[in-house]
Amino acid sequence: MTDESATVLGIDIGGTKMAAALVAADGTILTEDRILTPPGDADQVFGALAELVGRVSGGTTPVAVGIGSAGPLDLTHGLVSPVNITGWRNFPLVDRVRALVGDVPVELGVDGHCFALGESWTGAGRAVDTLLGIVVSTGVGAGIVVDGKPLLGQSGNAAHLGHMVVDLDGEACACGSYGCVETYASGPRMVARAQRRGWRTGEQVDAAVLSADAAAGDEIALAVFDDGAQALAAGIVATAVTVDLTTVVIGGGVAKAGPVLFDPVTRWVKRLAQLPFVTGLTVEPAQLANAGLLGAARLAWATT
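This report concerns the structure included in the present document. Values in this document were obtained by computation on a predicted structure and should not be read as measured data. (Residues numbered from 1 in each chain as written. Predicted model: local features only at pLDDT ≥ 70, side-chain atom pairs only at ≥ 80, totals over all residues. Heavy atoms only, no water.)

1. Topic: the packing of aromatic side chains
By convention here, two paired aromatic rings are described through the distance between centres and the angle between planes. This is how it is decided: Planes of paired rings set the category: under 30 degrees apart is stacked, over 60 is edge-to-face and the rest tilted, where pairs are Phe, Tyr or Trp rings (Trp by its six-membered ring) whose centres lie within 6.5 Å. Segments assigned H or I by DSSP are reported as helices when at least four residues long, segments assigned E as strands when at least two residues long, and all are numbered from the N terminus. Burial classes: relative accessible area under 20% of the type maximum marks a residue as buried, over 50% as exposed, and values in between as partly exposed (1.4 Å probe, protein chains only).
Counted under the stated rule, the structure contains 2 aromatic pairs. Seen from their ring centres, Phe46 and Phe91 are 5.9 Å apart, and the 45° between their planes marks the pair as tilted. Taken together, the residues Phe46 in helix 1 (residues 42–57) and Phe91 in the loop between strand 6 (79–80) and helix 2 (93–101) connect sequence positions 45 residues apart. For the residue pair Phe46 and Phe91, the accessibility class agrees, reading buried in each case.

2. Considering the sheet that holds strand 10 (residues 149–150)
Pairing between the strands of a sheet is mediated by backbone hydrogen bonds and can be parallel or antiparallel. Cut-off, in case you're wondering: Two strands qualify as a pair provided DSSP detects at least 2 bridges between them.
Spatially, 5 strands are ordered 10-9-8-11-12 in an open sheet, and the strand pairing comes out mixed. Looking at strand neighbours, the two that pair on one side only are strand 10 and strand 12 (282–285), the edges of this open sheet. Pairing of strand 8 (residues 130–136) with strand 9 (residues 140–146), which is carried by 7 bridges, proceeds in the antiparallel orientation. Note on strand 9: the bridge partner recorded for Leu132 is Ile144.

3. With respect to the side chain of Ser211
This is how it is decided: Only heavy atoms matter for contacts: two residues are in contact if any of them lie within 4.5 Å across the pair.
Relative to the elements of secondary structure, Ser211 occurs in helix 6 (residues 207–215). Assessed through its relative accessible area of 13%, Ser211 is described here as buried. Ser211 has contacts with Phe225, Ala257 and Val260, leaving out every residue within four places of it along the chain.

4. Some words on the nonpolar core
Operational definition: Side-chain atoms within 4.5 Å link the members of a nonpolar core, which is a set of buried Ala, Val, Leu, Ile, Met, Phe, Trp, Tyr and Cys residues.
Formed by 43 residues in total, the largest nonpolar core has its most connected members in Ile134, Leu232 and Ile250. Elements with a contribution of two residues or more to this core: strand 8, strand 9, helix 4 (181–185), helix 5 (187–196), helix 6, helix 7 (219–243), strand 11 (247–251) and helix 8 (259–272). It is helix 7 that provides the largest number of residues to this core, a total of 10 residues. Those residues within four positions of Leu232 in sequence are excluded, and the remaining contacts are Ile134, Val136, Val140, Leu161, Val181, Ala185, Leu261 and Val265. Residues Ile11, Leu73, Leu93 and Val97 belong to the second largest nonpolar core, which totals 29 residues.

5. Notes on the sheet that holds strand 4 (residues 65–69)
To keep things clear, this is the line we draw: Inter-axis angles, ranging from 0 to 180 degrees, are taken between N-to-C directions of lines fitted to C-alpha atoms, where helices are fitted over the stretch in contact.
In spatial order, the strands read 3-2-1-4-7; together these 5 strands make up an open sheet with mixed pairing. A single partner strand is all that each edge strand has here, and the edge strands are strand 3 (29–36) and strand 7 (106–110). When the angles between neighbouring strand axes are averaged without regard to direction, this sheet yields 15°. Alignment of strand 1 (residues 8–13) against strand 4, held across 5 bridges, turns out to be parallel. Bridging across to strand 4, Gly10 finds its partner in Gly66. With respect to the sheet, helix 1 is in contact with strand 1, strand 2 (17–23) and strand 3, its orientation differing from that of strand 2 by roughly 30°. Its contacts with the sheet put helix 9 (residues 291–301) on strand 1, strand 2, strand 3, strand 4 and strand 7, and the angle it makes with strand 1 is roughly 135°.

6. Focus on the pattern of salt bridges
This is how it is decided: By convention in these notes, a salt bridge is any Lys or Arg side-chain nitrogen within 4 Å of a carboxyl oxygen on Asp or Glu.
According to the stated counting rule, one finds 12 salt bridges in the structure shown. Asp213 serves as the salt-bridge partner of Arg200, at 2.8 Å between the closest nitrogen and oxygen. Within this pair, whereas Arg200 is found in the loop between helix 5 and helix 6, its partner Asp213 is found in helix 6, the two being separated by 13 residues in sequence. Look at Arg200 and you get partly exposed, because its relative accessible area is 31%. By relative accessible area, which is 15% here, Asp213 ends up buried.

7. Some words on the state of the cysteines
So the rule is basically this: Throughout, a disulfide means two cysteine sulfur atoms within 2.5 Å of one another.
If you walk through the whole model with that rule in mind, you get 0 disulfides. With no disulfide of its own, Cys180 lies closest to Cys175 among cysteine sulfurs, the gap being 3.8 Å.

8. Some words on the environment of Leu73
Counting through the fold element by element, Leu73 comes out in strand 5 (residues 73–74). Each C-alpha atom of the pair Leu73 and Gln44 lies 20 Å from the other, and the pair is 29 residues apart in sequence. Contacts of Leu73, omitting those with residues within four sequence positions, involve Leu79, Val80, Leu108, Gly109, Val110, Ser155 and Asn157.

9. Quick notes on a nonpolar patch on the surface
The criterion, for reference: For patch building, the residue pool is restricted to those with more than 30% relative accessible area and no salt bridge; the joining distance is 9 Å between like charges and 5 Å between nonpolar side chains (Val, Leu, Ile, Met, Phe, Trp, Tyr). Each accessible area value is a Shrake-Rupley result obtained with a 1.4 Å probe; residue values ignore everything except the protein chains displayed when judging cover.
Taken together, the side chains of Val241, Leu275 and Phe277 define a hydrophobic patch exposed on the protein surface, amounting to about 240 Å² of accessible area. Relative to the assigned elements, Leu275 resides in the loop between helix 8 and strand 12.

10. Here's the deal with the pairing of strand 12
Our working rule: When the strands point away from the viewer and the path from the first strand over the helix to the second turns clockwise, the crossover is right-handed.
Judged from the 4 bridges that link them, strand 11 and strand 12 form a sheet pairing that is parallel. Bridge pairing in strand 12 places Ile250 opposite Pro285. Of the crossover connections in this fold, the one passing from strand 11 over helix 8 to the parallel strand 12 is right-handed.

Take a look at the structure:
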């Protein structure tokens, strides 16, 4: 029986921000904080994470820790090599976190898996058995939940939808391939593409500015969002016909664009999803602002 006062520590690590929270067994977040992911070498990045964990835990020792990190990951050895955190390559994150918080179970998972797991636990996916969750932000991450459990694959890196090739003649991707979903749909890549087409050239802008201009009717911004939506839809439909699912939840910073993103994604999904078992494919916005943290906490609770 779980002590009602017990908590786990959830950690969510991405290229833009890092977050941590103490979470109760029912999914209630008790304390939470987040910081921007700093540049620098491996120890500088981990030092910032350690300070964050210290503020959140306040001296409390959790019964377990769950970590959702951008990948790829080596789950066997607890190593992380996030594409968008260049300071961490085969970084021993599990061992470093365990040394930080104490000798408790530490469970590592892909951040996209944790996002999907969080939405499945207490968010938009509560009513379905199989769910594809996608995070559109600095990169494009994803995860699949089947019967309440993340679909891991043999290495633990399944559902890397952001690095699914959707354009054989596409741009180079940070992963080393080309034409990946992420090269069209991530916030920084959409901004860069729009600026190459003449939008706000020379300005320091981000995806939030791009989405605001798209909502205001800027033709370049709208075209770039449509390109990103088409790439996302191609990845969604390819995943749906492979796994046989009908519910997709999208979150992340770029998803805050609302109809500017979701309208063209829905339109492209309907165009591409033609097999009978995926014609009912639905795409919904995430319900949780912290699904990745909750999913990481869910991983931790599963070890207790």
